[in-house]
Amino acid sequence: MKIPFTRPSIGAAEVRAVTRALRERHIGGNGPISKRVQTRIAEITGSPHALLTPNATQAMEMLLIALNIGPGDEVILPSFSFVSMANAVLTRGATPVFSEIDRGTLNMDPKDVARRITKRTKMVMPVHYGGISSDMDALGAICAESGAFLFEDAAQGIDATWRGQPLGTIAPAGCLSFHETKNLTAGEGGVLLIRDLELFHRAEIVQEKGTNRSAFLRGEVDKYTWVDRGGSYVVSDLLAALLEVQLERRHELLARRMEIWRLYYDGLADLERKGLIARPVIPEHAGHNAHIFFLVAESHALQMKILKHLKSKDISATFHFQPLHSSPFASKHLPGANYALPETDRAALQLVRLPLFSGLSKKDARRVIAETIAAVTT
Ligand SMILES: Cc1ncc(COP(=O)(O)O)c(C=O)c1O
């Protein structure tokens, strides 16, 4: 039987909730279900303000607009990352500056970030790779000293923490993703988490096409009109209904993922002892959420061997991000960006992600472990 890489857990409760939303004609954007879900996310994360967005990519775009980031500004982000952040920065006419990652966690290396700060740096955007927190103490200190805005790309980080605090709420702003591959899903969806009230008010105007519709709906103004720049960053209540159920199931879904992650971690210990692979490093203050289980093979040849072997056994495993700094787009349009980032290259060329989702049985997880060991040692 084929083992998929990921599979969203959609049960009867999700079907009931979406059907009910349809029956009750809750299909529009930013409707009552979206509002409820926003409030619930704020409660769960402890974030003072939350705005539900069509995806995490657009949460980042909204924030960049709200902060007036534009031409001449620089934003530092990891090269080992999803392309969304780089695109969001470019869309504003600002310049992405790519930083190196740390070997154990594959998160931004704060020392490298500090070296890349200039007078033009307006923002630093760490990614919490696989739901393992970046070093938020070190990054916070760099931003406090330089005046750069710290934004957490916690797209993969729901329910993960740094010093006990949920990811996405440690910096002044952050985002979570509810894409179909994430721990909790709305199919497509995201949330922008903001600490400061003034910035939140700006962001909700950006979300609602540059109008003060949100203030109008709260009864604060008697009509709504165009007051600022904006776009349309609202989510259909149909998807919010799905997300509402997933949020209530989050402990159950997280527990299942953690169980599988732990099986992999323990089951592959011997390969690490032999120096053939490295397992993820979880820093002392990080509480992870088992979003990804990755291993880093000791060579690119071994990465390819593992992927090929698992594929031959009907197990879907895969590599991950291709470096942004040396991508075809960056080579053509950001010629200054293609400097040496060896840890980033290593992660791209040697990393393997194993199947991980809440519905994966322990029996299948044991088969994945056995076949991974077979691939490495035969
Ligand atoms: C680190 C990171 N940032 C951003 C995103 C984009 O999220 P979304 O698909 O919700 O826009 C992803 C999605 O995989 C991601 O992994």
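Residues numbered from 1 in each chain as written. Predicted model: local features only at pLDDT ≥ 70, side-chain atom pairs only at ≥ 80, totals over all residues. Heavy atoms only, no water.

A. Geometry of the pattern of salt bridges. A complete count under the given rule lists 25 salt bridges for this structure. A salt bridge links Arg 249 to Glu 252; the nearest nitrogen and oxygen atoms lie 2.8 Å apart. The class of Glu 252 is partly exposed, set by a relative accessible area of 42%. Each of Glu 14, Arg 249 and Glu 252 takes part in a single network of salt bridges with overlapping partners. (Salt bridge = Lys/Arg side-chain N within 4 Å of Asp/Glu carboxyl O. Buried < 20%, exposed > 50% of the residue type's maximum accessible area, 1.4 Å probe, protein only.)

B. Layout of the packing of helix H2 (residues 32-45) against helix H9 (residues 237-248). Running from amino to carboxyl end, H2 crosses H9 at an angle of 30°, the nearest separation of the two axes being 8 Å. Overall, the two elements H2 and H9 adopt an arrangement that is roughly parallel. Pair H2 / H9 crosses with left-handed handedness. Facing H2, whose interface residues are Pro 32, Ile 33, Ser 34, Arg 36, Val 37, Arg 40, Ile 41 and Ile 44, H9 presents Asp 237, Ala 240, Ala 241, Leu 243, Glu 244, Leu 247 and Glu 248. (Axes fitted to C-alpha atoms, helices over the stretch in contact; angles between N-to-C directions. Helix = DSSP H or I, 4+ residues; strand = E, 2+ residues; numbered from the N terminus. Parallel < 35°, antiparallel > 145°, perpendicular 65-115°, else oblique. Left-handed = near helix turned anticlockwise from the far one by under 90°. Contact = heavy atoms within 4.5 Å.)

C. Here's a closer look at the domain arrangement of the protein. Domain annotation for the protein reports domain 1 (12-248) and domain 2 (250-377). Computed over C-alpha atoms, the centres of domain 1 and domain 2 are 25 Å apart. On the domain 2 side, the residues contacting the 42 residues of domain 1 number 36 residues. With both sides pooled, the region where domain 1 packs onto domain 2 buries about 3,400 Å², and carbon together with sulfur makes up 60% of that total. Here domain 1 and domain 2 share two salt bridges between them. Salt-bridge contacts for Glu 343 lead to Arg 103; the nearest nitrogen and oxygen are separated by 3.0 Å. (Domains from an automatic or database assignment. Buried area = accessible area lost by both parts, 1.4 Å probe.)

D. Structural view of the sheet that holds strand E7 (residues 165-166). An order of E7-E6-E11 is seen for the three strands of this open sheet, with the pairing classed as antiparallel. The two strands at the open ends of the sheet, each matched to only one other strand, are E7 and strand E11 (286-287). Bridge count between strand E6 (residues 161-162) and E11: two bridges; the pairing is antiparallel. Bridge pairing in E11 places Thr 161 opposite Gly 287. (Pairing = 2+ DSSP bridges.)

E. Inspection of the packing of aromatic side chains at higher detail. Tallied over the entire structure, the rule returns nine aromatic pairs. A centroid spacing of 5.2 Å and a plane angle of 70° characterise the contact between Phe 80 and Phe 321, whose relative ring orientation is edge-to-face. With Phe 80 in the loop between strand E2 (74-78) and helix H4 (84-91) and Phe 321 in the loop between helix H12 (300-312) and helix H13 (328-333), the pair connects residues that are 241 residues apart, well separated along the chain. The same class applies to Phe 80 as to Phe 321, namely buried. When the centroid spacing of 5.8 Å and the interplanar angle of 65° are considered together, the rings of Tyr 129 and Phe 321 count as edge-to-face. You can see Tyr 129 sitting in the loop between strand E4 (121-124) and helix H6 (136-146) and its partner Phe 321 sitting in the loop between H12 and H13, a full 192 residues away along the chain. Note on Phe 321: relative accessible area 7%, which makes it buried. Each member of the aromatic cluster is reached from another via a ring pair, and the members are Phe 80, Phe 82, Tyr 129, Phe 294 and Phe 321. Its end group placed over the ring of Tyr 265, Arg 279 keeps NZ or CZ at 3.9 Å from the ring centre. (Phe/Tyr/Trp six-rings, centres within 6.5 Å; stacked < 30°, edge-to-face > 60°. Lys NZ or Arg CZ within 6 Å of the ring centre and 35° of its normal.)

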